[in-house]
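Geometric and topological summary
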Amino acid sequence: MQHKRLVVFVALCILVAGSSFGAVVGKISGVITDAQTKEPLVGVSVSVVGTSMGAITDANGVYNIVNVPVGTYTLKLTSVGFASLEVSGVEVSADLTSYQNRTLTSQATELGKTIQVQAERPLVVKDKTSNIAIVRKDEIQALPTRGFEQVVGIQSGVVKMNSNPSIRVRGQRESINSSELNIRGGRPSEVAYYVDGFSQQDPLSGNSTANISNNAIQEVTVLTGGFPAEYGNVASGIVNTITSSGTKSYHGSFELVSDNPGQWIGTGYKSFDNNYYSGDIGGPVPGYDKATFFFSGERRWKADRSPSSITASSLPTSPDRLPGNWQKGWSYQGKLNFAFTPTFKLELSGNGSIDDWSEYDHNYLFDIAHTPFYNDKNLGLNAKITHMLNAKTYYNLSASYFKTYRFRGDGVYRDNIWGYGRPAGNYRYDNEGLFWRGDSAATAPDSSQRTVDGTSRWFTTSGDEGSVYDDYLKRKSSYLGFKGDINSELDQYNTVKAGFEFQRHTLRYYRNLSPTQAWKGASTGGFTDVDRYGYDIYGNESDNEGEFNSTKHPINMAGYVQDRLEWRGMIVNAGLRFDYFNYKTKRLKNLALPLDPDSVQFTNPSDSLATVLDPTDFVASKNFTRLSPRLGVAFPISDRTQLHLNYGKFFQRPDLDRLYVGYNFFQYKVQTGGYYYAIGNPNLEPEKTTQYEIGFSQQLGDNTAIDVSTFYKDITGLVQVYNQTALPNAYSLYRNSDYGDVRGLETHIHMRRTRNIELDVKYTLSYASGTGSYANTQRNLAWTGSPVPKQTAPLDFDQRHNLVGIFDYRTGKGEGPKMGDVFPLENFGINVVTQLGSGAPYSPAGVYNEITLNAVTPTPSAPRNSSYGPSTLVVDVKMERAFSVGSIKLRPYVWVKNLLNRDNATNVYESTGRPNTTGWLLTNDGRSFSQRYTTPDQTGLSGEQKYKLKENNPQNYSNPRMILFGVTMSF
């Protein structure tokens, strides 16, 4: 009976309330006064042109237009006895108010006319209660960036990390097809990604692999400070990408970008074969004037998806491009808007992406065919109803479905698990232990047929095919979510918002740690090293795998209430959030005696110990509830100066792949011990962050403003791996043991367009320290059972100094130098982004053979992360010139990455702090190595030559100068 009541309660909550996962609307507000008397005007009609939105001024001349979608609008103000006024260029951003205070004139000479003015983007955001960056469509089109991740990467408080998988993958994390973003000293998975207000994140890994075409983006909002109570399950930052919608007139564009034209026109430029093809179209739905549509799509092909500046000098086998480093992908997005009545609207939206990509790994230089292959897929479908009950109250109800999939495996056999099988053993590394052994043209591989688990299959049995990538991963995550919110202006001071959200996940995971043993079959031990749930032993989706390997269905629910108080210019956002997490799985009764929790083996060694798991060894996992208070204050000191304060507690559920494990695999690991593998722990509690922020904004003159924010974060309960003492064998498990603290100062100087120039300068000073940077930072200690560190040290992403400068110069029609009757530089634009960053920290170690494929453990020569790598300087440029041919607008442009062609080192060796040498060849062991391997092998290189080739790793450097040519055609 209680269960039924709970179901009914949840259903009712879903129907009446909910919370937005990410806001996609804002507000227009202001005071209308008489230009002659300066008195407030009552009854002025304020309407948003082309929409049904509007308001009437009250006795104080105040109007509020709520629930305005993100975009740029024109306001029309009309009142009897006054000249009409049209205000164009009114920009509305998510979660913020666009203040439009205006005056109307009653002078006889103006009556009967419509006065037109252009709204200016405010230099000081009056209702900002925490640090927020807003990048709008026109800015995104101008920047030398592509995709919302690159836009986020140039904001204050954001650190971009580029790990090198062939020397040291920080935290033993999966690779992603872009730079890793850390916001204000938080781990990557502490950043929440939304598209049109809906989550786009894999709950298993915390990664987001979603792609949105540049032309489909209306606005990107980055919150790096405190978050209102409507935002949950996030600790460091929020990235909210809002896509375009259709309008009442048809519009569209097509864009082509490539770096190949440089070769075509004979410049001698090195092409990396990077190409983008995108298009979009929007407008009214034919035959139905109450609906609009917008669709976009993009095709990507990159022969080298992440070029290195030293490829030509370091790799004799590939003069320009990193081999086996390609990417091909698609992304698509669509939106349908229905305005059934002026007060009742429906929005249907969806987006998705598919990316196949290959990861160059320097260890596979002579075995490129088998370098890791990835397949990433995303799909999001959303429906939202908006109903305006009256001019001051509206509610949203929405449902969403999101699915993400990843496969990673061998570049040749990919998801064919049987192709990995090697009865004669897998070719390993070369004689020197430097590279995985590659194919031999002199010896063709032989195959034989075997009956495995009742089916006849072919396997490679001899010859030389190269080393197969011996790791096979696939995972699939999806959620079904319901949400909604109700917003109401209670009076002229208070606007209240309340809501609720619900998500039910479906999680599947399969990792075969020894797929080359597949030839043995499941019946003879070929599939023992398999951690799985929601998949059968061979990697096929299955919901019939028993209690130990069943599909996981965690749920999370939340409710919140928040009030926005506006009084005499001061704005207070106060809220309280309630979160409920239910992992819905089984946990072990006794971690030390997992197979026999009631045994007294530790106190009485003669006590017999059970050897297998059974249902009595488990109890239900815990449920967790948390309350999160949030408070933000914006206080105007003067009409040009604003102070803001923010405080909040934030709880985030751990990445779900840290919670779950296939218990058949767990039993095998506890029984046999052996190699390192971290086990999921469903006892993990939500991680906690407490953040404080204070800042001010000051307008300097008519066109410039400065923002300064300082912040402090206290982080507890972060997940870290450790060694669990147990019988019959110890194992590695996750627990909430890490601590961190982050403090910093962010400064932003903005000059709005003055004499055609717009300028932004952003500087971040940050100190990020803790006991562990990632959940697997202490994996070596967990493997060996060594003591864990108790003191904090700089985190791997502790970039102390980060300076970003953005210079933009634009001309309009008839502007620029004149030659005869022609203005050659009219409608011309150039945007320059300069990024200067200090180096990332590393842990100095004594000189050792740092690049060998054999397992090594460094000997520290200084405290953890006590030294820093070299700084980086990147200058990117985009130049364009717009033309009109009838109703068609053409915008050809040139996009230059790393204009100065600097060799920016992003990774260094712990022995030397340098990116191109370990120093080991100068040691006695190194000289002995050189003398021992003097005869060239099948690669034609001696041992010393191969070692130098290996240590001069191109993945230690970012991209060289790249020149891309693009053209956009729009109508």
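Everything that follows concerns the structure shown earlier in this document.
In what follows, the accompanying structure is described. Computed from a predicted structure; not experimentally measured. (Residues numbered from 1 in each chain as written. Predicted model: local features only at pLDDT ≥ 70, side-chain atom pairs only at ≥ 80, totals over all residues. Heavy atoms only, no water.)

1. Some words on the overall build of the protein
For clarity, the cut-off: Labels follow the DSSP assignment, with helices taken as runs of H or I lasting at least four residues and strands as runs of E lasting at least two, numbered in each case from the N terminus. Burial here depends on accessible area, computed with a 1.4 Å probe over protein chains only, as a share of the maximum for the residue type. Under 20% is buried, over 50% is exposed, and the range in between is partly exposed. Note on definitions: a residue-residue contact is assigned when non-hydrogen atoms from the two residues lie within 4.5 Å.
Counting secondary structure elements, the protein contains nine helices and 48 strands. In terms of principal-axis extent, the alpha carbons of the protein reach across some 100 × 80 × 55 Å. Considering the protein as a whole, with its 971 residues, one finds that 56% of them fall into the buried category. Partitioning the contacts of the protein with sequence separation of at least 6, the portion at a separation of at least 24 is 71%.

2. Quick word on the sheet that holds strand β16 (residues 237-243)
Under the convention used in this document: Here, a strand pair is defined by DSSP locating no fewer than two bridges between the strands.
The strand order across the open sheet formed by five strands is β10-β15-β16-β13-β14, and the pairing between neighbours is mixed. Two strands lie at the open edges of the sheet, namely β10 (132-136) and β14 (198-199), each paired on one side alone. With six bridges connecting them, strand β15 (residues 217-223) and β16 associate as antiparallel partners. By the bridge assignment, Ile217 is partnered in β16 with Thr243.

3. As for the environment of Gln218
On the secondary structure map, Gln218 appears in strand β15. For the pair formed by Gln218 and Gly71, sequence separation is 147 residues and the distance between their alpha carbons is 7.1 Å. Those residues within four positions of Gln218 in sequence are excluded, and the remaining contacts are Val70, Gly71, Arg136, Lys137, Ile242, Thr243 and Ser244.

4. Things to note about helix α8 (residues 924-932)
Where we set the bar: For this quantity, the arc is that covered by the directions from the helix axis to the C-beta atoms.
Looking at α8, one finds that the buried residues are Gly926, Phe929 and Ser930. In a view along the axis of α8, the buried residues occupy a sector of 100 degrees, so they form one face of it. Exposed side chains of α8 directed beyond 90 degrees from the buried face belong to Asn924, Asp925, Gln931 and Arg932. Contacts from the buried residues of α8 go to α9 (943-951).

5. Side note on the pattern of salt bridges
The test is simple: Whenever Lys or Arg places a side-chain nitrogen within 4 Å of a carboxyl oxygen from Asp or Glu, that contact is recorded as a salt bridge.
Tallied over the full model, the rule gives 46 salt bridges. For Arg508, the salt bridge goes to Glu541, with nearest N and O atoms at 3.5 Å. With a gap of 33 residues between them, Arg508 in strand β27 (residues 494-512) and Glu541 in the loop between β28 (530-533) and β29 (555-567) connect regions that are remote in the sequence. Residue classification places Arg508 among the buried residues on the basis of a relative accessible area of 10%.

6. Quick word on unusual backbone geometry
The omega angle of the peptide bond from Leu727 to Pro728 is 10 degrees, so this bond is cis rather than trans. Relative to the helices and strands, Pro728 resides in the loop between β37 (704-724) and β38 (731-754). Phi at Asp453 takes a positive value of approximately 50 degrees, unusual for a residue other than glycine. Mapping Asp453 onto the fold places it in the loop between β24 (446-452) and β25 (455-462). What makes Asp453 partly exposed here is its relative accessible area of 30%. A positive phi angle, near 55 degrees, is found at Asn901, a position not held by glycine. As for its placement among the helices and strands, Asn901 is situated in the loop between β47 (888-897) and α8. What makes Asn901 partly exposed here is its relative accessible area of 36%.

7. Looking at the side chain of Glu489
Worth spelling out the cut-off: Polar contact criterion, stated in full: a pair of N or O atoms within 3.5 Å, where within protein one must be able to donate a hydrogen and the other to accept it, and residues adjacent in sequence count only if both atoms are side-chain atoms.
Following the sequence through the fold, Glu489 ends up in strand β26 (residues 472-489). Here the side chain of Glu489 touches Asn64 through a polar contact of 3.4 Å, side chain to side chain.

8. A closer look at the pairing of β26
Moving residue by residue along a regular strand, the side chains alternate between the two faces of the sheet. Most of β26 is tucked away: 14 of the 18 residues are buried. The sheet contact formed by β26 and β27 spans 18 bridges and is antiparallel. Pairing of Asn487 across the sheet is with Lys497, part of β27. As consecutive antiparallel partners, β26 and β27 are separated by four residues.

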